[in-house]
Amino acid sequence: MKINTRTLATNALLCGITVLLGFTPLGMIPLPPPLLSPTTVHIPVLIATLYLGYKSGLVVAICFGLVSFLRALQAPVGMSVFFINPLIAILPRLMIPTIAYLSYHGFKKIIRNNYICLVLAAALGSFANTIFTLSSIFIFYNEQLTNIISSAAGNNESAVNAAKYLFYVIAIPYGTSEAILSGILVPAVVSGLNKSLK
């Protein structure tokens, strides 16, 4: 992809939208611990990736990660405290454009309908955000997460299992809802932008 003024301007716009979403309830809806805030901040990352390309997706993904990091510094409450670690806040976000880009070009080889390819790539990119972020939290903060869950559950031993909590309480409901939202919004926006240039 050749870098030009339009690409740079679009990158800047999507980064600006990411910051706006990241610091308002529109992007990260705050929930009480031990719940994790569901997010729409990954959507500009997917739009950048599927509209402009992988490099632009990485740029906006890094912006998303920095927003997560700064929000954690601003209000380190509940599970937000884990995002003070850049390995949690930033690194997993880079998998969003990676999975979306690879899956899109992979699906294009077997599916003729470009819109369907966009839907699938957006959904998988969204799931990548959920899976890699939660996996990182589990790897680095398993004990701390268990303590948070235990405290919120009133020390109910049946509820104190970090892996089950991440999978059943966060990954399935949040991951699925965010993937569905991404699969609806991202293809519509990308297709609209592509048509406007014709």
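Residues numbered from 1 in each chain as written. Predicted model: local features only at pLDDT ≥ 70, side-chain atom pairs only at ≥ 80, totals over all residues. Heavy atoms only, no water.

**Some thoughts on the overall build of the protein chain**
And then number 1: What the protein chain contains, in helices and strands, is seven helices and zero strands.
And then number 2: Ordering the α and β elements of the protein chain from the N terminus gives α-α-α-α-α-α-α.
And then number 3: In the protein chain, buried positions account for 44% of the 198 residues.
And then number 4: For the protein chain, the computed accessible surface area is about 10,000 Å², with 69% contributed by carbon and sulfur atoms. (Helix = DSSP H or I, 4+ residues; strand = E, 2+ residues; numbered from the N terminus. Buried < 20%, exposed > 50% of the residue type's maximum accessible area, 1.4 Å probe, protein only. Areas by Shrake-Rupley, 256 points an atom, 1.4 Å probe, with all protein chains shown as cover.)

**A short note on a nonpolar patch on the surface**
And then number 1: Nonpolar side chains collect at one region of the surface, where Val19, Phe23, Leu70, Leu73, Val81 and Ile84 lie side by side and expose about 450 Å² of accessible area between them.
And then number 2: Within the fold, Val19 resides in helix α1 (residues 5-22).
And then number 3: Among the residues examined, Val19 registers a relative accessible area of 37% and is labelled partly exposed. (Patch = residues over 30% accessible without salt bridge, like charges linked within 9 Å, V, L, I, M, F, W, Y side chains within 5 Å. Salt bridge = Lys/Arg side-chain N within 4 Å of Asp/Glu carboxyl O.)

**Overview of the packing of aromatic side chains**
And then number 1: Overall, the coordinates contain two aromatic pairs when judged by the stated rule.
And then number 2: Ring geometry for Tyr54 and Tyr101: centres 5.5 Å apart, planes at 45°, overall tilted. Of this pair, Tyr54 sits in helix α3 (residues 54-74) while Tyr101 sits in helix α5 (residues 95-108), and the two are 47 residues apart along the sequence.
And then number 3: By relative accessible area, which is 30% here, Tyr101 ends up partly exposed.
And then number 4: Aromatic pair Phe82 and Tyr141: ring centres 4.9 Å apart, planes at 15°, arrangement stacked. (Phe/Tyr/Trp six-rings, centres within 6.5 Å; stacked < 30°, edge-to-face > 60°.)

**Here's the deal with the packing of α1 against helix α2 (residues 43-51)**
Relative placement of two packed helices is described by the angle separating their axes and the distance separating the axes.
And then number 1: Running from amino to carboxyl end, α1 crosses α2 at an angle of 165°, the nearest separation of the two axes being 9 Å. With respect to each other, α1 and α2 are oriented roughly antiparallel. When the axes of α1 and α2 are compared, the crossing they make is right-handed. Of the residues in α2, those in contact with Arg6, Thr10, Leu14, Ile17, Thr18 and Leu21 of α1 are Pro44, Ile47, Ala48 and Tyr51.
And then number 2: A breakdown of the residues in the contact of α1 with α2 according to their chemical character gives seven nonpolar, two polar and one charged. (Axes fitted to C-alpha atoms, helices over the stretch in contact; angles between N-to-C directions. Parallel < 35°, antiparallel > 145°, perpendicular 65-115°, else oblique. Left-handed = near helix turned anticlockwise from the far one by under 90°. Contact = heavy atoms within 4.5 Å. Nonpolar A, V, L, I, M, F, W, Y, C, P; charged D, E, K, R; others polar.)

**Section: the nonpolar core**
And then number 1: Among the nonpolar cores identified, the biggest contains 25 residues, and Leu50, Val186 and Val190 are the most heavily contacted of them.
And then number 2: Contributing elements (two or more residues each) for this core: α1, α2, α3, α5, α6 (114-152) and α7 (162-196).
And then number 3: The biggest single contributor to this core is α2, with seven residues.
And then number 4: Among all residues touching Val190, those that are not within four sequence positions of it are Ile47, Leu50, Tyr51 and Leu118. (Core = buried A, V, L, I, M, F, W, Y, C linked by side-chain atoms within 4.5 Å.)

**Details of α1**
Since there are 3.6 residues in each turn of an α-helix, residues three or four apart along the chain are aligned in direction.
And then number 1: With 18 residues, α1 extends 25 Å from end C-alpha to end C-alpha; this agrees with the ideal 26 Å at 1.5 Å per step.
And then number 2: Considered for burial, the residues of α1 that qualify are Thr7, Thr10, Asn11, Leu14, Cys15, Thr18, Leu21 and Gly22. Projection of α1 onto a plane perpendicular to its axis shows the buried side chains occupying an angular sector of 135°, all on one side. Summarising the geometry of α1, the exposed residues directed more than 90 degrees from the buried face are Thr5, Leu13 and Leu20.
And then number 3: On the buried face of α1, the contacting elements are α2 and α3. (Expected span 1.5 Å × (residues − 1). Arc of directions from axis to C-beta.)

**Looking at the side chain of Ser103**
And then number 1: Looking at the secondary structure, you find Ser103 in helix α5.
And then number 2: A distance of 2.7 Å separates the side chain of Ser103 from the backbone oxygen of Ile99, its partner in a polar contact.
And then number 3: For Ser103, the side chain forms a polar contact with the main-chain oxygen of Ala100, separated by 3.1 Å.
And then number 4: For Ser103, the residues in contact, after removing those within four places along its chain, are Ala121 and Leu124. (Polar contact = N/O pair within 3.5 Å; in protein donor to acceptor, adjacent residues only side chain to side chain.)

**As for the packing of α3 against α5**
And then number 1: It is at 8 Å that the axes of α3 and α5 come closest, and there the two elements cross at 150°. One finds that α3 runs roughly antiparallel with respect to α5. Note that α3 runs across α5; the crossing there is right-handed. Taken together, the residues of α5 that come into contact with α3 (itself represented by Tyr54, Gly57, Leu58, Ala61 and Phe64) are Ile96, Pro97, Thr98 and Tyr101.
And then number 2: Here the residues of the contact of α3 with α5 are counted per class, giving seven nonpolar, two polar and no charged.

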